[in-house]
Every structure is written in C-alpha cells, then in structure tokens.
Amino acid sequence: MPKFVIEREIPNAGALKPEELKGISQTSCGVLKELGPQVQWVQSYVTDDKIYCVYIAPDEASVRKHAEMGGFPANKVSEVRSIIDPTTAE
C-alpha cells in the first residue's frame, strides 16, 4: 500500500500544548475509525509552523478525505517513492 507525507501548515504548531496535540490526535483517530483500516496514521512531526504526517493509504484521495473529515489542512500531499536510511549506504 502506498505511503504519503502530508504537509499541514498550522501557524505556531510548535507552541501547541500537550493537551491540544492530544485533542488533534483524538480527532484524527476518530476519523480513521470511520474511514476503516485502509487508511493508517504512522507518525507526525511537529515543527514551528507545520506538521508533517506520514500515512499509509490506497491513494491521495483517501488522505485528503481524512483531512477534510477531521478539519485538518493538507497543503501538500506527496506519495513516497523510495525510503532510504543509513543502511542504504552499505
């Protein structure tokens, strides 16, 4: 199944409090339950003004539907073509 990186522009995301991040996570998980097991949230990275999320989904439309249902921005959705890490250099 394809993997996607979603760029969400959220001003001052890095200043969100733990309870706010928990609320966002709970909303996301609730939407994922509605969508079914084909859309999976892997992990997210919070920076100063953006959140980068990694999802597994059948297609970009499913990722965008999750964002729409949850009220999240999905400013850019990119399909992962390859994964590299330090072991790639071996």
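In what follows, the structure referred to is the one given above.
For the structure given in this document, a descriptive report is provided here. (Residues numbered from 1 in each chain as written. Predicted model: local features only at pLDDT ≥ 70, side-chain atom pairs only at ≥ 80, totals over all residues. Heavy atoms only, no water.)

### Some points on the environment of Asp59
Thought 1: Relative to the helices and strands, Asp59 is located in the loop between strand E3 (50-56) and helix H2 (60-70).
Thought 2: You can call Asp59 partly exposed: its relative accessible area is 34%.
Thought 3: The spacing of Asp59 and Ile10 is 49 residues in sequence and 23 Å in space, taken between C-alpha atoms.
Thought 4: There is a polar contact of 2.7 Å between the side chain of Asp59 and the side chain of Ser62. (Helix = DSSP H or I, 4+ residues; strand = E, 2+ residues; numbered from the N terminus. Buried < 20%, exposed > 50% of the residue type's maximum accessible area, 1.4 Å probe, protein only. Polar contact = N/O pair within 3.5 Å; in protein donor to acceptor, adjacent residues only side chain to side chain.)

### What about the pattern of salt bridges?
Thought 1: In the structure shown here, the tally under the stated rule is three salt bridges.
Thought 2: In this structure, Lys50 and Glu7 form a salt bridge, with 2.8 Å as the shortest nitrogen-oxygen distance. Remark: Glu7 occurs in strand E1 (residues 3-9) and Lys50 occurs in strand E3; sequence separation between them is 43 residues.
Thought 3: Between Glu60 and Arg64 there is a salt bridge, with its nearest N and O atoms 2.8 Å apart. Here Arg64 and Glu60 lie together in helix H2, a separation of four residues that amounts to about one turn. (Salt bridge = Lys/Arg side-chain N within 4 Å of Asp/Glu carboxyl O.)

### Quick look at the sheet that holds E3
Thought 1: Here four strands make up an open sheet; going across it, the order is E2-E3-E1-E4 and the pairing antiparallel. Each edge of the open sheet carries a strand with a single partner, namely strand E2 (40-46) and strand E4 (76-79). Between one strand and the next, the sheet's axes are offset by a mean angle of 20°, whatever the strand orientation.
Thought 2: Across six bridges, E2 lies against E3 in antiparallel orientation. By the bridge assignment, Val46 is partnered in E3 with Ile51.
Thought 3: Strand contacts of helix H1 (residues 18-35): E2 and E3, with the helix running at about 160° to E2, the strand carrying the most contacts.
Thought 4: The sheet strands contacting H2 are E1, E3 and E4, and the helix crosses E1 at an angle near 35°. (Pairing = 2+ DSSP bridges. Axes fitted to C-alpha atoms, helices over the stretch in contact; angles between N-to-C directions. Contact = heavy atoms within 4.5 Å.)

### Brief notes about the pairing of E3
Thought 1: Of all seven residues making up E3, five are buried, and the element is well covered by its neighbours.
Thought 2: Strand direction decides the pairing type here: E1 and E3, joined by seven bridges, are antiparallel. What sits directly across from Ile6, in E3, is Cys53.
Thought 3: Hairpin geometry of E2 and E3 is characterised by an intervening segment of three residues between the two adjacent antiparallel strands.

### Things to note about the side chain of Glu7
Thought 1: A polar contact is formed between the side chain of Glu7 and the side chain of Lys50, at a distance of 2.8 Å.
Thought 2: Discounting residues that sit within four places of it in the chain, Glu7 has contacts with Lys50, Ile51, Tyr52, Ala74, Asn75 and Lys76.

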